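Survey of secondary and tertiary structure
These are the residues of each chain, in order.
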Amino acid sequence: MKKYTPDLIFFLLCSGNLAFAQVTLSSSKLPIVIITTENATSIPNEPKVNADLEIIYNGEGKMNSVTDVSRNYKGKIGIELRGSSSQDLSPKKPYGIETRNVDGSNLNVSLLGMPKENDWVLLAPYSDKSLIRDVLIHRIASEIMPYTSRSKLCEVMVNGQYQGVYVLMEKIKRDKNRVNINELLPRHTSGDSLTGGYILKVDKTTGSQAQGGFNTQVFSPTGRRTFYQYDEPEANVITSG
């Protein structure tokens with residue numbers, strides 16, 4: 001049975017509102033994530049802008065300081081704002097991150113012990129003043145489900161300004177270490193090759209390229225149908241037969 005790590009308890013001692021007072025972060029028992037955009041550019045909704053990512057993490061239960069010389073990770077990223085209503089309703093902004101090579105190509109890396117990949121999320125708990133609900137439910141779900149996003153609580157600084165406690169998470173996608181399903185291709189139209197390989201999502205339809213999808217036949221109590229979007233495979237490679 002999995003054991004829940006001390007970081008789930010430590011941040012309860014921290015104030016989730018401190019990020020929006022003029023707080024200067026010096027040290028923490030949580031990993032410290034430092035993001036510095038190229039030319040101190042502000043982070044837009046899209047497209048991703050170039051930035052440097054540094055992670056200070058000396059191990060479970062150990063103190064991390066912004067003055068530490070050693071880095072758990074250091075490299076290039078692309079970063080943009082993430083979410084829809086969370087961008088408008090919260091002063092604490094969530095981010096989508098892509099780890100990259102110097103030339104801008106994708107680079108699969110391991111962050112804070114999570115399996116190598118290049119797509120990551122910095123979730124910004126704001127309305128949840130406990131800061132733990134997303135992390136807790138994913139860890140509980142991991143006991144009974146084949147996959148849920150791995151995550152790690154962390155402190156975040158952007159261009160020298162402390163942003164508060166965030167959750168570094170894996171972006172949900174098809175990958176052997178994430179949603180481990182086969183890739184479906186246009187030629188897979190019958191038999192065993194047609195089974196599996198699908199990811200559907202119930203999500204916002206703004207802020208990303210429309211992928212297509214379908215409505216349920218049953219109306220919800222609010223009088224709406226649930227719209228399921230195609231995520232994997234993408235709509236432009238799905239065939240009718």
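Structure shown above.
These numbers come from a predicted model, not from an experiment.

**Observations regarding the overall build of the chain**
- Assigned secondary structure in the chain consists of 3 helices and 12 strands.
- Scored against the burial criterion, the 241 residues of the chain give a buried share of 39%.
- For the chain, the proportion of contacts with a sequence separation of at least 24, taken over those separated by at least 6, is 55%.
- Total accessible area on the chain is roughly 14,000 Å²; 52% of this is exposed by carbon and sulfur atoms.

**Comments concerning the sheet that holds strand 9 (residues 161–170)**
- Spatially, 2-3-5-6-7-9-8 is the arrangement adopted by the 7 strands of the closed barrel, whose pairing is mixed. Going from strand to strand, the sheet's axes swing by 40° on average, the running direction of each strand aside.
- Examined bridge by bridge, strand 7 (residues 119–123) and strand 9 share 4 bridges and lie antiparallel to one another. Note that in strand 9 the partner of V121 across the bridge is M169.
- Against the sheet, helix 3 (residues 133–141) makes contact with strand 7, strand 8 (151–158) and strand 9, and its axis sits at roughly 155° relative to strand 8, the strand it touches most.

**Topic: a nonpolar patch on the surface**
- On the surface, L136, I137 and I140 cluster together into a nonpolar patch covering about 240 Å² of accessible area.
- Within the secondary structure, I140 sits in helix 3.
- Overall, the relative accessible area of 39% leaves I140 in the partly exposed class.

**Quick notes on the environment of I56**
- Of note, I56 is situated in strand 3 (residues 49–56).
- Sequence-wise, I56 and S27 are 29 residues apart; in three dimensions their C-alpha atoms are separated by 9.9 Å.
- If we skip the residues at most four places from it in the chain, I56 touches P31, I32, I34, N64, S65, V66, D68, S70 and R71.

**A word on the pairing of strand 8**
- Across the 8 residues that make up strand 8, a large majority, 8, are buried.
- Here strand 8 shows two buried faces, one formed by S151, L153, E155 and M157 and the other by K152, C154, V156 and V158.
- The sheet contact formed by strand 2 (residues 32–37) and strand 8 spans 4 bridges and is parallel. Paired with I35 across the two strands is V158, which belongs to strand 8.
- Relative to strand 9, strand 8 runs antiparallel, the two sharing 8 bridges. From the neighbouring strand, M157 faces strand 9, where its bridge partner is Y162.

Rules behind the numbers
Residues numbered from 1 in each chain as written. Predicted model: local features only at pLDDT ≥ 70, side-chain atom pairs only at ≥ 80, totals over all residues. Heavy atoms only, no water. Helix = DSSP H or I, 4+ residues; strand = E, 2+ residues; numbered from the N terminus. Buried < 20%, exposed > 50% of the residue type's maximum accessible area, 1.4 Å probe, protein only. Contact = heavy atoms within 4.5 Å. Areas by Shrake-Rupley, 256 points an atom, 1.4 Å probe, with all protein chains shown as cover. Pairing = 2+ DSSP bridges. Axes fitted to C-alpha atoms, helices over the stretch in contact; angles between N-to-C directions. Patch = residues over 30% accessible without salt bridge, like charges linked within 9 Å, V, L, I, M, F, W, Y side chains within 5 Å. Salt bridge = Lys/Arg side-chain N within 4 Å of Asp/Glu carboxyl O.

Function cannot be inferred from these measures alone, as they are strictly geometric.
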